[in-house]
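# Understanding the architecture of this molecule
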Amino acid sequence: MGVLSEGLTHVLILVASLVGIGFALLQWFLVSKVRVSVESGNGYSDRLIGEEEEGVDNLDVSLKCAEIQNAISVGATSFLYTEYRYLCIFMGVFGAIIFLFLGSVQGFSTKSEPCTYSKGNLCKPALANAIFSTIAFLLGALTSVLSGFLGMKIATYANARTTLQARKGVGKAFITAFRSGAVMGFLLSANGLLVLYVSINLFKLYYGDDWEGLYESITGYGLGGSSMALFGRVGGGIYTKAADVGADLVGKVERNIPEDDPRNPAVIADNVGDNVGDIAGMGSDLFGSYAESSCAALFVASISQFGVVHDYTAMSYPLIISAMGIVVCLITTLFATDLFEIKNVSEIEPSLKRQLVISTILMTAGIAMVSFLALPSEFTLYDFGTDKLVKNWHLFFCVSIGLWAGLVIGFTTEYYTSNAYSPVQDVADSCRTGAATNVIFGLALGYKSVIIPIFSIAIAIYVSFSMAAMYGIAMAALGMLSTISTGLAIDAYGPISDNAGGIAEMAGMSHKIRERTDALDAAGNTTAAIGKGFAIGSAALVSLALFGAFVSRAGIKAVDVLTPKVFIGLIVGAMLPYWFSAMTMKSVGSAALKMVEEVRRQFNTIPGLMEGRAKPDYTNCVKISTDASLREMIPPGALVMLTPLIAGTFFGVETLAGVLAGSLVSGVQVAISASNTGGAWDNAKKYIEAGASEHAKSLGPKGSDPHKAAVIGDTIGDPLKDTSGPSLNILIKLMAVESLVFAPFFAAHGGLLFKLL
């Protein structure tokens, strides 16, 4: 037994999650102290006045900010409500499928049956597993939706406040944006941990000593989280990029007006898109990864020594690691908001990167503490039918290597997507000769950026598997996600700053303010790329851990690539990311086409729009994006959700194992290259626009031929970096977790076609 008692374990997990929620609410309160404008009896009295701007009526600017913020918030909320209505239907239908498939394993019998792993004992009936897996699925789905929705609410609440704080200086604006990001980061990680902890303890009331059945049904939690994330990511990604591409092509390239110009009809839809795609989608996505890696680790532990001897503290090791992560991230956040003040623009990016480094170093110490206190010094873990002897320091290495691999992937992504380094500067330079060379250089950069992350993942897999089998890999994935609160805070900071810049432009603030928000936004772009790197790296480890759990649960002794059943699965699985990307890219293209036509129509038919005398019709553009994304998210979603069901039912568990391995191996490569190519094109354009160095000045200014070539590259990269790339990591892990949940059914009744032949 470890040093920690069972009672203390309960207290630690509960206290950490409640502290996380409390800290998030405190940050929200601090952000809310920045007033936008509050109406009192005699009109607008209480408002934030920063530095008086020359020739600009402060009250007028404040009111404009409030008006624009309201438009963005209403647009984002109404889109999410509509999306969630569709998702409720999906939750009901898919919940019924889980119940019917799993219940039919033993013909809906209510008799206890022999356990799969702890031989000689009786376990609860398959019908109980069906009921509880369905409940866990619905809980995971609701928590995922809540995470995304709360994130979006705080982001739309904070964007105008960040703009107004930029009048007082860049440091104040940075703190407002970062605090708002922290609200989302802490709410998500603490909620995820709390709901999982409570579900386990409630399920235990029924399952009692049958831990094998308990933790098998808990895997539904991960499935619920990820299935919502898939639709959130794809729907939000199509929405945001249709608006972005439409706004850029007509506004910047054809009409030569600045980004976020209020005359552009698609500008509100573009800013709404940042919130529904980058915030709500990203929140659900990382929550999904977190839930799945926890479920995979818990499932493998339940069929190992921890589960057999009912050692609750050792069993809860994944939850204690997450609880430690919340405490570590809380300390790390204080470094950005309270301990170091940002005085000028050049300190923004280092401050964000410092967050990653500090949280990783502190977390390593935290992991060591948890590993030695919670785990026995020696124990055995399930390793495909045999028991592997493991020591507690082995698991310290497993979790730590995942954590550090995440940092390596993050910094590699930054090197390839930040315009401070040569790769992006080379892409910008290639714009001299037009858009074609820009596209060639950008694609090459994306393919090359895959090398180091893949080696990092490979080393993490090898080390963790040799030390602690499949449990080691699940814990490495959880290690990478243990600092999720800080990762998400940095990630949500990007779209909030982007919105703040848009609001400054639309409210007609001075050039000086716009420069400050642009600097915040440029740093946010790079950190968003780091966040995507984390999400993809952790997805690779999570899906491998889930794959291992699936293979164990389906009773497959070995996955042999030389058997035709497995090989056909492998080659089809490797094709799926391309099919999925084709669907999402085409959806963005066709939605953007409609948007471009609408924006052109308004410029041509509304008299006085270009001169700024008339207002554009923003709502029409918002409607185009909403309708397109809701319609277009269904086919890619169906592809991902139906593939494991069809492969498992008709071709059996071996073919399905092949499909999972194939999609994992090819999906990771496509996702990393797509995200980094898009990020590099975006920052190459920003590099030319900022004109910060002699080299950049020689390519500019805005409107020059190299700049137009850069805008075209950025537009091509938009669906790559914000729709296809990030959605692919959900594809690989969602198929794996779905296969694990349905494994009992596939093992009992799967492979219908091969049985007939």
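All figures in this text were calculated on a predicted structure; none of them were measured in a lab.

A separate point is the packing of aromatic side chains. To describe a pair of aromatic rings, you give the distance between the ring centres and the angle between the ring planes. Applying the stated criterion to the full structure yields 31 aromatic pairs. When the centroid spacing of 6.0 Å and the interplanar angle of 50° are considered together, the rings of Phe99 and Phe108 count as tilted. Residue class for Phe99 comes out partly exposed when judged on its relative accessible area of 29%. With centroids separated by 5.8 Å and ring planes inclined at 20°, the aromatic side chains of Phe174 and Phe178 adopt a geometry described as stacked. Of the two residues, Phe174 and Phe178 both sit in helix H4 (residues 170–207), 4 residues apart, roughly one turn of that helix. Of the residues examined, Phe174 reaches a relative accessible area of 1% and is grouped as buried.

Orientation of helix H10 (residues 348–374) relative to helix H15 (residues 484–506), taken along the N-to-C sense of each, is 160°, at an axis distance of 10 Å. For the element pair H10 / H15, the angle class is roughly antiparallel. For the crossing formed where H10 meets H15, the hand is left-handed. Across from Ile348, Leu352, Gln355, Leu356 and Ser359 in H10, the residues of H15 making contact are Thr486, Ile490 and Tyr493. A breakdown of the residues in the contact of H10 with H15 according to their chemical character gives 5 nonpolar, 3 polar and no charged.

Time to look at the nonpolar core. With 227 residues, the main nonpolar core has Tyr317, Ile348, Tyr471 and Phe550 as its most contacted residues. By residue number, the principal contributor to this core is H4, which donates 20 residues. Every residue in contact with Ile348, bar those within four places of it in the chain, is listed here: Val170, Phe174, Ile342, Tyr493, Ala519, Leu520 and Ala523. The next biggest cluster of nonpolar side chains, apart from the first, holds 17 residues, and it includes Cys431, Leu445, Ile688 and Ala710.

This part is about the side chain of Ser189. Residue placement: Ser189 occurs in helix H4. Side chain to side chain, Ser189 and Ser485 meet in a polar contact 2.8 Å long. Setting aside residues up to four positions removed in sequence, Ser189 forms contacts with Tyr290, Ile326, Ile484 and Ser485.

The pLDDT averaged across the protein works out to 89; a share of 97% of its residues lies at or above 70. Within the protein, strand E2 (residues 43–47) has the poorest average pLDDT of any element, 38, and helix H13 (residues 435–448) the best, 96. Taken as a whole, residues 38–55 scores under 50 in pLDDT and shows 38 contacts with residues more than four places along the chain or in a different chain.

Two numbers describe how H13 lies on helix H20 (residues 653–690): the axes approach to 8 Å, and their chain directions differ by 135°. Here H13 lies oblique to H20, going by the angle between them. Handedness of the H13/H20 crossing: right-handed. Within the contact between the two elements, H13 uses Asn438, Val439, Gly442, Leu443, Leu445, Gly446 and Tyr447 and H20 uses Ser673, Asn676, Thr677, Ala680 and Trp681. Split into classes, the residues belonging to the contact of H13 with H20 amount to 6 nonpolar, 6 polar and no charged.

Moving on to unusual backbone geometry. Unusually for a residue other than glycine, Asn256 sits at a positive phi of about 55°. Secondary-structure assignment places Asn256 in the loop between helix H5 (211–254) and helix H6 (267–302). Of note in this structure, His310 is not a glycine but carries a positive phi near 55°. Secondary-structure assignment places His310 in the loop between helix H7 (305–308) and helix H8 (312–315).

Rules used in this analysis
- Residues numbered from 1 in each chain as written.
- Predicted model: local features only at pLDDT ≥ 70, side-chain atom pairs only at ≥ 80, totals over all residues.
- Heavy atoms only, no water.
- Phe/Tyr/Trp six-rings, centres within 6.5 Å; stacked < 30°, edge-to-face > 60°.
- Buried < 20%, exposed > 50% of the residue type's maximum accessible area, 1.4 Å probe, protein only.
- Helix = DSSP H or I, 4+ residues; strand = E, 2+ residues; numbered from the N terminus.
- Axes fitted to C-alpha atoms, helices over the stretch in contact; angles between N-to-C directions.
- Parallel < 35°, antiparallel > 145°, perpendicular 65-115°, else oblique.
- Left-handed = near helix turned anticlockwise from the far one by under 90°.
- Contact = heavy atoms within 4.5 Å.
- Nonpolar A, V, L, I, M, F, W, Y, C, P; charged D, E, K, R; others polar.
- Core = buried A, V, L, I, M, F, W, Y, C linked by side-chain atoms within 4.5 Å.
- Polar contact = N/O pair within 3.5 Å; in protein donor to acceptor, adjacent residues only side chain to side chain.
- pLDDT = per-residue confidence, 0-100.

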